Amino acid sequence: IAIIGGFELHFDAYWQKIKEKKADLVLLPTVSTFESKARWREIAKTRAFLANTYILRANRIGEFESKEGKWNFYGDSFFVSPYGEVESHLGKSEEILIAEVSKSELTAARKSWGFGKISSNIGIIE
């Protein structure tokens, strides 16, 4: 199991380490707002697929008011499969998500795509 902050989701170096360690699950706590829901879903789906790992994103819900204005945290916590598919998600209320990490699904995804073998064979350097 690996854990990375939401901002780090964007950087390849973190994902190279996650792939090297063969993390089965990446926990991704976020505090996203500004109507970024679709972008977060797409990048998480892509990262899960390319790393052939599960991603569990837990995003903040509710509102926060500061001098600069009101922040609306939209929720949309979700669970992504190693095939890059959102298997379950939550809304913008307090809810609970229960998901299953399947070692056989991880093995099948890694075997069928072989991204780990390919990247090590082409000499990716950090």
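Structural data are supplied above this passage.
Description of the structure in this document. (Residues numbered from 1 in each chain as written. Predicted model: local features only at pLDDT ≥ 70, side-chain atom pairs only at ≥ 80, totals over all residues. Heavy atoms only, no water.)

## Focus on the nonpolar core
Point 1. Counting residues in hydrophobic clusters, the biggest one holds 16 residues, and the most contacted among them are Ile-4, Trp-15, Ile-18, Val-26 and Ile-55.
Point 2. Counting residues per element, this core draws most heavily on helix H2 (residues 37-51), at four residues.
Point 3. With sequence-adjacent residues up to four places away left out, Val-26 is seen in contact with Ala-2, Ile-4, Trp-15, Ile-18, Thr-53, Tyr-54, Ile-55 and Leu-56. (Core = buried A, V, L, I, M, F, W, Y, C linked by side-chain atoms within 4.5 Å. Buried < 20%, exposed > 50% of the residue type's maximum accessible area, 1.4 Å probe, protein only. Helix = DSSP H or I, 4+ residues; strand = E, 2+ residues; numbered from the N terminus. Contact = heavy atoms within 4.5 Å.)

## Focus: the environment of Ala-109
Point 1. Within the element layout of this structure, Ala-109 appears in helix H3 (residues 103-113).
Point 2. Relative accessible area serves as the criterion here: at 0%, Ala-109 is assigned to the buried category.
Point 3. Along the primary structure Ala-109 and Pro-82 are separated by 27 residues, whereas in three dimensions their C-alpha atoms are 6.4 Å apart.
Point 4. The residues touching Ala-109, leaving out its near neighbours within four places in the chain, are Asn-52, Pro-82, Tyr-83 and Gly-114.

## Some details on the sheet that holds strand E2 (residues 25-30)
Point 1. Judged by pairing direction, the sheet is mixed, and its five strands sit side by side in the order E1-E2-E3-E6-E7 without closing on themselves. Edge positions in the open sheet fall to strand E1 (2-3) and strand E7 (86-89), since each of these has one partner strand only.
Point 2. As paired elements, E2 and strand E3 (residues 54-59) share six bridges and run parallel to each other. Each bridged residue has a counterpart across the sheet, and for Pro-29 the counterpart in E3 is Ala-58.
Point 3. Contacts between H2 and the sheet are confined to E2, E3, strand E6 (78-80) and E7, with E6 contributing the most and set at about 30 degrees to the helix. (Pairing = 2+ DSSP bridges. Axes fitted to C-alpha atoms, helices over the stretch in contact; angles between N-to-C directions.)

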